[in-house]
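# Results of the structural survey
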Amino acid sequence: KIKPMSGITISIEKTSNPAIIKFEASTFLTRHNSYEFKNIDDAKDSPLAQQLFYLPFVKTIFISGNFIAIERYNIVEWPDVQEEVAEQIQNYINEGKEIISESASPKKAVPVTIYAESTPNPTVMKFVSNKKVVDRIFEFKNIDETKYAPLAQALFHFPFVKEIFLDKNYISITKYDMVEWNDITMEIREFIRNYIHEGKEVISKDIPAEQKEKIQISDQSFEELDDISKEIVNILEEYIKPAVASDGGNIMFDSYDPASKVVKVVLQGACSGCPSSTMTLKSGIENTLKNLLKGQISEVVAING
């Protein structure tokens, strides 16, 4: 701990994200509000945050309760600068300077809420957030695949988590049969809520480009498809995907064989290995494609993602 000047001490706490450090004060800094500042203009309501943004490595500042969390750019490592930052914060507070402007009508951070929603697949539960979690789809079959996904990696530390699927504002979790959802839903919900509330990284910015793109058909590969395949992709996107997403899953076009007229699709998330997915595939997806592409489709086959 840094020595106090007039009573208030700042201690340095690590978080699960190496880019973010929490500077905890021995007193409350805000009145029940949370504030997040992305740059110096954003921080006009917080003279302390404005001062901290003069440090070139400061990327984001989060002030809540009794702590200030700072996310750094990669130009420095925290051990080289954290003592200096803690001292600067401590001196500022002990001089009695304003932390958040009284006159400001501060933008209170919207509290994160997570609710659990069952899916047609009894082994999969969908955890839906009121905030966007990811920009696109990610699927993880085991912890080895989560090098660039800190949230998924943390969830795999629960022994009952088998697979994880993320899309926009939700996380679908497949469990092992060893436990019932009733016994673990609350724990997972709280864990995800706290993780997102603390502003931790869900997907690392260092994720390789090829890993980013493997889930969706790029514009280039779409253009290389034959006309029937293009129509199939468009039908899947427009009619099938929204319904499948509401069940916590995803469907992707894999291939179309003009000779046999067989369409292959990849099912992910809750749809993967779901007892009712075979029914959905045959009655829903196959019928839709047969109706819209008369005479061009013989069968739809799923390859599990």
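By convention here, each chain's residues receive numbers from 1 onward along its written sequence. Per-residue local features of the predicted model are confined to residues with pLDDT of at least 70, and side-chain atom pairs are confined, for both listing and counting, to 80 or more; whole-chain, interface and lining totals are unaffected and use all residues. The side-chain numbers reported here are obtained from all heavy atoms of the structure, hydrogens and water having been left aside.

What follows is about the nonpolar core. Here the nonpolar core consists of buried residues drawn from Ala, Val, Leu, Ile, Met, Phe, Trp, Tyr and Cys, with membership extended through side-chain atoms lying within 4.5 Å. Relative accessible area decides the class of each residue, using a 1.4 Å probe on protein chains only: under 20% of the type maximum gives buried, over 50% gives exposed, and in between gives partly exposed. One finds Leu155, Leu166, Ile171, Ile173, Ile188 and Ile192 to be the most contacted residues of the largest nonpolar core, which totals 31 residues. Helix numbers and strand numbers start at the N terminus; a helix is a DSSP run of H or I with at least 4 residues, a strand a run of E with at least 2. Those elements that place two or more of their residues in this core are strand S7 (124–129), strand S8 (138–140), helix H3 (150–155), strand S9 (161–167), strand S10 (170–175) and helix H4 (181–197). Counting residues per element, this core draws most heavily on H4, which supplies six residues. The contact partners of Ile188, leaving out residues within four places of it in the chain, are Phe127, Leu155, Phe160, Ile173 and Trp181. By size, the runner-up hydrophobic cluster in this structure holds 30 residues, among which are Ile61, Ile68, Trp78 and Ile100. Should any heavy atoms of two residues lie within 4.5 Å, those residues are counted as being in contact.

The working definition used for a salt bridge is a side-chain nitrogen of Lys or Arg within 4 Å of a carboxyl oxygen of Asp or Glu. Tallied over the full model, the rule gives 13 salt bridges. Among the salt bridges present, the one from Lys132 reaches Asp135, with a minimum N-O distance of 3.1 Å. Taking relative accessible area as the criterion, Asp135 reaches 63% and is therefore assigned exposed.

On to the sheet that holds strand S5 (residues 67–72), then. Strand pairing within a sheet occurs via backbone hydrogen bonds; the two strands may be parallel or antiparallel. Taking strand neighbours across the sheet as the criterion, the five strands line up as S1-S2-S5-S4-S3 in an open arrangement whose pairing is antiparallel. Pairing within the sheet leaves two strands with one partner each, and these edge strands are strand S1 (10–14) and strand S3 (34–37). For this sheet, the mean angle separating the axes of adjacent strands, direction not counted, is 20°. Alignment of S1 against strand S2 (residues 20–25), held across five bridges, turns out to be antiparallel. By the bridge assignment, Ser11 is partnered in S2 with Glu24. Helix-sheet contacts for helix H2 (residues 78–94) involve S1, S2 and S5, and the interaxial angle to S2 is about 30°. Strand pairing is assigned whenever DSSP identifies at least 2 bridges connecting the two strands. Lines fitted to the C-alpha atoms define the axes, with helices restricted to the stretch that makes contact. Angles between their N-to-C directions range from 0 to 180 degrees.

Examined against the element boundaries, Asp254 turns out to sit in strand S11 (residues 249–257). The partly exposed category is assigned to Asp254, whose relative accessible area is 40%. As for Asp254 and Val301, which are separated by 47 residues in sequence, their C-alpha atoms are 9.8 Å apart. Throughout this description, a polar contact denotes any pair of N or O atoms lying within 3.5 Å of each other; where both atoms belong to protein, one of them has to be capable of donating a hydrogen while the other can accept it, and for residues adjacent in sequence the pair is counted only when both atoms sit in side chains. Polar side-chain contacts of Asp254 include one of 3.1 Å to the side chain of Ser255.

With that settled, consider the pairing of strand S4 (residues 58–64). In terms of burial, S4 is a largely internal element, six of the seven residues being buried. Across four bridges, the pairing between S3 and S4 is antiparallel. Pairing of Tyr35 across the sheet is with Ile63, part of S4. As paired strands, S4 and S5 are joined by six bridges and run antiparallel to one another. Across the sheet, residue Ser64 finds its bridge partner in S5, namely Phe67. Taken together, S4 and the strand that follows it, S5, pair antiparallel across an intervening segment of two residues, in which Gly65 is found at a positive phi of about 55°.

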